[in-house]
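Results of the structural survey
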Amino acid sequence: MEGLLFNVNNGYIEGIVRGYRNGLLTGTNYTNMTQCESIDDLKLQLGPAYGDFLASLPPNPSTSSLAAKTTDKLVSEFRYVRANAVGSLAKFMDYVTYGYMIDNIALLITGTLHERDTRELLDRCHPLGWFETMPVLCVATNIEELYNSVLIETPLAPYFKGSLSHEDLDELNIEIVRNTLYKNYLEDFYNFVNTHPDMAGTPTAEVMSEILEFEADRRAINITLNSFGTELTKEKRKKLYPSFGQLYPEGTLMLSRADDFEGVRLAVDGVSDYRQFFEAAGLGGGPGGPGNMGGGSGADGRSLEDMFYQKEMEISKGAFTRQFTYAIVYAWVKLREQEIRNITWIAECIAQNQKERINNYISVF
Amino acid sequence: MSGASDREAVFPTRQSLGIMKAKLKGAETGHSLLKRKSEALTKRFREITRRIDEAKRKMGRVMQIASLSLAEVTYAVGGNIGYQIQESAKSARFRIRAKQENVSGVLLPAFESYLTEGNNDFAMTGLGKGGQQVQRCRETYARAVEALVELASLQTAFVILDEVIKVVNRRVNAIEHVIIPRTENTIKYINSELDELDREEFYRLKKVANKKARDTAAADAEMKEKKAQQALLENGQENQAPAADGPDTTTDILAAEEDEDVIF
């Protein structure tokens, strides 16, 4: 049924996005990139994919400017797709940007809290999370004003409502604010793809549910692992877990009680994917250092974070096997982000002459 | 004498000779002490140089690891977290304390680093993702800063010691090559002057003795002549011829006296 009318409004977009997906770097490209001796060589290798955007870079650019330029390409393509999207797809794409908006708002709140000139911060915001009323946020000078008159007007207002008051913004750690918002956002997004008449029961709902469930689980696990040894109490931690996902509700409950790496492992034992991740990470790093990617200690062992990224990429790749779905837009954005991260990583390794770790990128094509 | 000009302006007296001898003694003691100090400092200096070399190599390695771990953070968090970190840091976690170390009378500052406990301002950064990388990156950088602090205290010690060693060596050389030779010269000069005085005195005394002897001889001769004339007067005209000989002998004696004087 969904195939009958999908192409009326969204066929063009789907075609475009599939075209973009074919433009993603493949394993061969990455192999070539790892052979580069300098950033200039790398720039040359990226020529076919990113030509126009890298052209303005000076010779031997810094890795951060390289990352910024590659992000520019993603942003311009996303904006093009967004401009052509109509109806529920447009709404869907707005939802995709909300995640970036949360980061931007958290940045601006941090700036306001410390009474900095927030105008400078606008440049640091992620362009995908840009919304029209964002510069207005800079008008507010104190947090109460920001909350009462400005945040209400942003697309994120529903996520603040009910869970965060303006006192919370002042008192809570900005990371808790950010994660609360993100939790509300994930739940809302999940709800949106499963109840919207255009999407409920279609492949979109199916694929997006899988992706969002994975995202929710990943956040829950990460928050738990990262909160060990911080002042975040178990009760508060529990509030940050999204209320859906493969781990919900038993796994989440167990996560909220976990005290150490072992506890987290027990909590996720019910889901075979995560159990495998933890087994691999547990062998690599041990309870002391799960997620062991750094310090040279776990050079060959893949970190939990790496495996999550890998899994995310595989799900995203899988999304393209389905027809008539909005999920490919989301998947494409995620794949592109990973590509940018890979490029940055490879550039960083080349710039620092640390070739032994250069193969730590994640490529699924 | 070439060193004659290089001496102190003193009167060549016995008293100043005593002073000079005391001064030479002092200079020699000072020289050996300073020499020992310089050696101790140089030993320390070499050790510090070696440690600086080690620390610099270590710093190179640590910094490399640290910047790679920062790259990891960028990879895991997927964005720039610099601003959040800056804003959430409230008080210094890593602090240094300065203390002083005494090496042969030279005060060397030494920095000691310590971590303030329970100060973890951005423990929550990257809570959603990348938190572990952030924490590890912080640890790595803490190690890098530690290496830097160590290097800083070594470098400071290096500079100070360098300065002090230069000063001490300058003093050692000054004593060895200027003060001691000059004092020795002075002593030599005084000695030679004193010898000269001795000799002059001796000559003067001898001269006086000679003069006295001559005077006595002259007086004797006069007496003899007087006696002879008296005897002549007493003996009458027959002794006329010997009387003519008498003045001849007196002139002979005078000539001989004069010759002797030239020889002497």
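What you see is a predicted model; the values in this text were computed from it and never measured.

The rules behind the values
Residues numbered from 1 in each chain as written. Chains lettered and ligands numbered in written order. Predicted model: local features only at pLDDT ≥ 70, side-chain atom pairs only at ≥ 80, totals over all residues. Heavy atoms only, no water. Salt bridge = Lys/Arg side-chain N within 4 Å of Asp/Glu carboxyl O. Helix = DSSP H or I, 4+ residues; strand = E, 2+ residues; numbered from the N terminus. Buried < 20%, exposed > 50% of the residue type's maximum accessible area, 1.4 Å probe, protein only. Contact = heavy atoms within 4.5 Å. pLDDT = per-residue confidence, 0-100. Buried area = accessible area lost by both parts, 1.4 Å probe. Polar contact = N/O pair within 3.5 Å; in protein donor to acceptor, adjacent residues only side chain to side chain. Axes fitted to C-alpha atoms, helices over the stretch in contact; angles between N-to-C directions. Parallel < 35°, antiparallel > 145°, perpendicular 65-115°, else oblique. Nonpolar A, V, L, I, M, F, W, Y, C, P; charged D, E, K, R; others polar.

A short note on the pattern of salt bridges
All names here are of chain A. Counted by the stated rule, this structure contains 27 salt bridges over all chains. Between Asp94 and Arg82 there is a salt bridge, with the nearest N and O atoms lying 2.9 Å from each other. Of this pair, Asp94 sits in helix H5 (residues 87–113) while Arg82 sits in helix H4 (residues 63–84), and the two are 12 residues apart along the sequence. Under the relative-accessibility criterion, Asp94 is labelled partly exposed at 22%. A relative accessible area of 27% places Arg82 in the partly exposed class.

Observations concerning the side chain of Ser38 of chain B
Residue and element names in this part refer to chain B. With respect to the element layout, Ser38 can be found in helix H1 (residues 14–77). The class for Ser38 is buried, based on a relative accessible area of 10%. Discounting chain neighbours no more than four positions away, the residues touching Ser38 are Val168 and Asn169.

A short note on the confidence of the model for chain A
In the predicted model, chain A carries a mean pLDDT of 83, and 94% of its residues have values of at least 70. Predicted confidence is poor over residues 284–300 of chain A, with pLDDT under 50, and the contacts of this stretch with residues over four places away or in other chains come to 35 contacts.

Digging into the interface of chain B and chain A
By a frequent convention, interface size equals the accessible area lost on bringing the separate parts together. With 24 residues of chain B at the contact, the number on the chain A side is 45 residues. Regarding the contact of chain B and chain A, the summed buried area is about 3,200 Å², with carbon and sulfur atoms giving 53% of it. Joining chain B to chain A, the criterion identifies one salt bridge. As a salt-bridge pair, Glu72 of chain B and Arg357 of chain A come within 2.4 Å of each other at their nearest N and O atoms. The interface formed by chain B and chain A includes six residue pairs in polar contact (both at pLDDT 80 or more).

Structural notes on the packing of H5 of chain A against helix H10 (residues 174–195) of chain A
All names here are of chain A. At a closest axis distance of 9 Å, the pairing of H5 and H10 adopts a crossing angle of 175°. On the basis of the axis angle, H5 is roughly antiparallel to H10. Contacts between H5 and H10 involve Ser88, Lys91, Phe92, Tyr95, Val96, Tyr98, Gly99, Ile102, Asp103, Ala106, Ile109 and Thr110 from the first element and Ile174, Arg178, Leu181, Tyr182, Tyr185, Asp188, Phe189, Phe192 and Val193 from the second. Tallied by class, residues from the contact of H5 with H10 come to 14 nonpolar, three polar and four charged.

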